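# Coordinate analysis (summary)
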Amino acid sequence: LFFQGSEMVPVVVIGSVCCTGSMLALNLLFLLVFRLGLNGYLLAQITSFAFAASLMLFLARKKRYAKVWKKDKELEREMLAYGKPLILYSTGSWINNASDRYIVAAICGTAVNGIYGVAYKIPAILSVFQRIFAQAWQISATKSYSEKDSAGFFSTMYKTYQAFMVLGCSFLIIIVKLMAKLLFRNDFYTAWQFVPPLLISVIFGALTGFLGSICLAHKDSKSMGIATGIGAAVNVVLNLLMVPRMGAMGAAIATA
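Residues numbered from 1 in each chain as written. Predicted model: local features only at pLDDT ≥ 70, side-chain atom pairs only at ≥ 80, totals over all residues. Heavy atoms only, no water.

Let's shift gears to the pattern of salt bridges. For the structure shown, the criterion picks out two salt bridges. Arg77 serves as the salt-bridge partner of Glu74, at 2.9 Å between the closest nitrogen and oxygen. Of the two residues, Glu74 and Arg77 both sit in helix H4 (residues 73-108), three residues apart, roughly one turn of that helix. (Salt bridge = Lys/Arg side-chain N within 4 Å of Asp/Glu carboxyl O. Helix = DSSP H or I, 4+ residues; strand = E, 2+ residues; numbered from the N terminus.)

Shown next as structure tokens:
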């Protein structure tokens, strides 16, 4: 985030790609070759992130940043006021992403929850492209917020982003059964029916992130925290109401 805020995008990209590549390679090495099990998985995670952080610091070594040792009370108060609502935002985001699986497991059992969890594989494809855009957009929103035509720029970007997300979602829904045959096996094939509402939830999540970046540019973290907190509460209530009646499909619709 520091390098991203400093507009050192190449450093961020190289670090992220190397982190993913090293994590994949180390998981294969520790799990398949050395057979370290869970300890191998955790070791791969730790090593990959440590390697990526070290590489990014090395690439940015020519940049010099001033060290301010004097305590700034005003800045501290401003940062605390900005950061406190983000706790609710992070918690609400986690609830939106994870609560449905816990409730499905508690009400419908682990077998149904396993099938429901498999359904997330296809929406994850759309989420990858969404996260790539989100990282770039957060920088653009912050830089463009003070410009005169920022409202027009944001409106155009919102419409374009929404169009691409809807087209991507529509395409995946059309071929969902074909993808399920390729990705899912045996009893897990039935997971395809949960994919459409989960794909739609990715669109809503992407648009929420788009608007959230504008809030961050305006330093309005309170609106983000309140909105996400309310969304998380609605999610939990709908899960408790719909899962007993509709099973995992109720959870997918509640997430959307």
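What follows continues from the structure just given.
Right, let's get into the packing of aromatic side chains. Taken as a whole and assessed by the stated rule, the structure comprises 12 aromatic pairs. The interplanar angle of 85 degrees and the centroid separation of 5.5 Å between the aromatic rings of Tyr116 and Tyr120 together place this pair among those described as edge-to-face. Neither residue differs from the other here; Tyr116 and Tyr120 are each classed as buried. Where Trp137 meets Phe153, the ring centres are 5.7 Å apart and the plane angle is 35 degrees; that geometry is what we call tilted. In this pair, Trp137 is assigned in helix H6 (residues 121-144) and Phe153 in helix H7 (residues 150-174), connecting sequence segments 16 residues apart. According to the relative accessible area criterion, Trp137 is buried, its value standing at 3%. On the basis of relative accessible area, Phe153 is assigned to the partly exposed category, the value being 31%. (Phe/Tyr/Trp six-rings, centres within 6.5 Å; stacked < 30°, edge-to-face > 60°. Buried < 20%, exposed > 50% of the residue type's maximum accessible area, 1.4 Å probe, protein only.)

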